[in-house]
Amino acid sequence: MKMEKIIQNSEMLSSVKWYFDVKNLSLKNALLLHCPLSIENQKDLRIYYSQYFSGLLSATELFLDKGYPHSSEFKDTLYNGLSFKDFPNGEDNYSYLRELRNSIIHRGLDINSTAHIINNFPMIIAPSPVTNRSKKFEYIAFDYYLIDLIAKCESIIGTVFLNHIEEFGLLPIEIPQEEIIKMSKEFISNASAMPDLAKDMALSTIEKIDHSVIHQDFVRSLKETLKINILSH
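A few points on the structure.

Cut-offs used in this document
Residues numbered from 1 in each chain as written. Predicted model: local features only at pLDDT ≥ 70, side-chain atom pairs only at ≥ 80, totals over all residues. Heavy atoms only, no water. Helix = DSSP H or I, 4+ residues; strand = E, 2+ residues; numbered from the N terminus. Areas by Shrake-Rupley, 256 points an atom, 1.4 Å probe, with all protein chains shown as cover. Core = buried A, V, L, I, M, F, W, Y, C linked by side-chain atoms within 4.5 Å. Buried < 20%, exposed > 50% of the residue type's maximum accessible area, 1.4 Å probe, protein only. Contact = heavy atoms within 4.5 Å. Pairing = 2+ DSSP bridges. Axes fitted to C-alpha atoms, helices over the stretch in contact; angles between N-to-C directions. Parallel < 35°, antiparallel > 145°, perpendicular 65-115°, else oblique. Left-handed = near helix turned anticlockwise from the far one by under 90°. Nonpolar A, V, L, I, M, F, W, Y, C, P; charged D, E, K, R; others polar. Phe/Tyr/Trp six-rings, centres within 6.5 Å; stacked < 30°, edge-to-face > 60°. Expected span 1.5 Å × (residues − 1). Bend = angle between axes of the 7 residues up to and from the residue. Salt bridge = Lys/Arg side-chain N within 4 Å of Asp/Glu carboxyl O.

Next up on the list: the overall build of the protein chain. Regarding its fold elements, the protein chain presents eight helices and four strands. Each helix (α) and strand (β) of the protein chain, taken in turn from the N terminus, gives the series α-α-α-α-β-β-β-β-α-α-α-α. Accessible area for the protein chain stands at about 13100 Å²; split by element, carbon and sulfur atoms hold 54% of it.

Following this line, the structure appears as structure tokens:
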């Protein structure tokens, strides 16, 4: 595998991990909020659910981008995973998630606007239908409560990514220590925003870092992050 491709895969997987971290933390925070909710709590709840869907969709869109060579295979796997009893059309279900995210992030939809309170927990009702920007197409929620809809996503999304990553060999290959040092020195030397003093310090210590350990830690952390299901904790 060419070095450029290895770097591209590593950057892509780093982004996936970040988006999963965002959605996981956002959902965890949303689940901590119980009634009675203050005005500040209500705002926080709206932010957390907004961030959840933003992270979820951003991660999938990385692999659905037409510039990614295995986007069609990922799309098929994703749509199959999003096929549920009574809502078997995975493509429509994904379109619902995409347009829900777009409605929240780009069109100001208040995800908190309708809810039932069960055991002091705000069971937000999933907006349905949601439309695309032109309002030409509309999509139906594949569950009544937002948290149940999220549970369906959480039950499959990590497996979808893990299976795809392993099937197409996307886990980063460990680059030899000498090559990493060479690349790192070149990057540091060309970093225009980095002060000279910081450059000198970084260049003097880069050879002392065990890059093999860093690589192994990243791979392990990525797999663990993709396997997390906050709702099962």
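Let us keep going from here.
Before going further, it helps to spend a moment on the nonpolar core. Tyr49, Phe53, Phe63, Tyr96 and Leu97 are the most contacted members of the largest nonpolar core, which has 52 residues in total. For this core, the elements supplying multiple residues, two or more each, are α1 (3-31), α2 (39-64), α3 (71-81), α4 (90-105), β2 (121-124), α5 (146-167) and α8 (211-227). The leading source of residues in this core is α5, at eleven residues. Aside from chain neighbours lying at most four places away, what touches Phe53 is Leu97, Leu100, Arg101, Ile104, Leu146, Leu149 and Ile150.

With that out of the way, let us pick up the pairing of β2. Where burial is concerned, the two faces of β2 agree: the one with Phe121 and Met123 and the one with Pro122 and Ile124 are both buried. Summarising the sheet, strand β1 (residues 115-118) and β2 pair through four bridges and their orientation is antiparallel. Note on β2: the bridge partner recorded for Ile118 is Phe121.

Moving on, we come to the environment of Ile188. Along the chain, Ile188 turns up in helix α6 (residues 177-189). Looking at Ile188, the relative accessible area reads 9%, which means it is buried. Along the primary structure Ile188 and Ala202 are separated by 14 residues, whereas in three dimensions their C-alpha atoms are 7.6 Å apart. For Ile188, the contacting residues outside a window of four places in its chain are Met194, Lys199, Ala202 and Leu203.

On to the packing of α2 against α4. Running from N to C, α2 and α4 cross one another at 125 degrees; their axes reach a closest spacing of 9 Å. In terms of axis orientation, α2 runs oblique to α4. Crossing of α2 over α4 shows left-handed handedness. Mapping the contact onto sequence places Ser50, Phe53, Ser54, Leu56, Leu57, Ser58, Thr60, Glu61 and Leu64 in α2 and Tyr94, Leu97, Arg98, Leu100, Arg101, Ile104 and Ile105 in α4. Considered class by class, the residues forming the contact of α2 with α4 number nine nonpolar, four polar and three charged.

The tally for this structure, following the rule as stated, stands at ten aromatic pairs. Ring geometry for Tyr52 versus Phe53: centroids 5.1 Å apart, planes at 85 degrees, classification edge-to-face. The pair formed by Tyr52 and Phe53 is uniform in burial state, with each residue classed as buried. Here the aromatic rings of Phe63 and Phe161 are separated by 5.3 Å at their centres, their planes lie at 45 degrees, and the arrangement is tilted. Taken together, the residues span a long stretch of sequence, with Phe63 in helix α2 and Phe161 in helix α5 at a distance of 98 residues.

Let us now look at the environment of Lys227. Checked against the element boundaries, Lys227 lands in helix α8. Along the backbone, Lys227 and Phe20 are 207 residues apart, and their C-alpha atoms lie at a distance of 9.8 Å.

With respect to the helices, strands and loops of the structure, Ile47 is situated in helix α2. Classification of Ile47 as partly exposed rests on a relative accessible area of 38%. Counting along the chain gives 17 residues from Ile47 to Ala30, while the straight-line C-alpha distance between them is 8.7 Å.

Further remarks concern α5. With 22 residues, α5 extends 31 Å between its outermost C-alpha atoms, agreeing within 8% with the 32 Å of an ideal straight helix rising 1.5 Å per residue. Of all the bends in α5, the largest measures some 30 degrees and sits at Ile156. At the C-terminal side of α5, Gly169 shows a positive phi close to 60 degrees.

What follows covers the pattern of salt bridges. Counted by the stated rule, this structure contains nine salt bridges. With its nearest N and O atoms 3.0 Å apart, the salt bridge here joins Asp21 to Lys17. In this pair, Asp21 and Lys17 are both assigned in helix α1, four residues apart and thus about one turn of the helix distant. Note that Lys152 and Asp143 form a salt bridge whose closest N and O atoms lie 3.2 Å from each other. Judged by its relative accessible area of 21%, Asp143 falls in the partly exposed class. Salt bridges linked by common partners bring Arg98, Glu99 and Arg107 together as one network.

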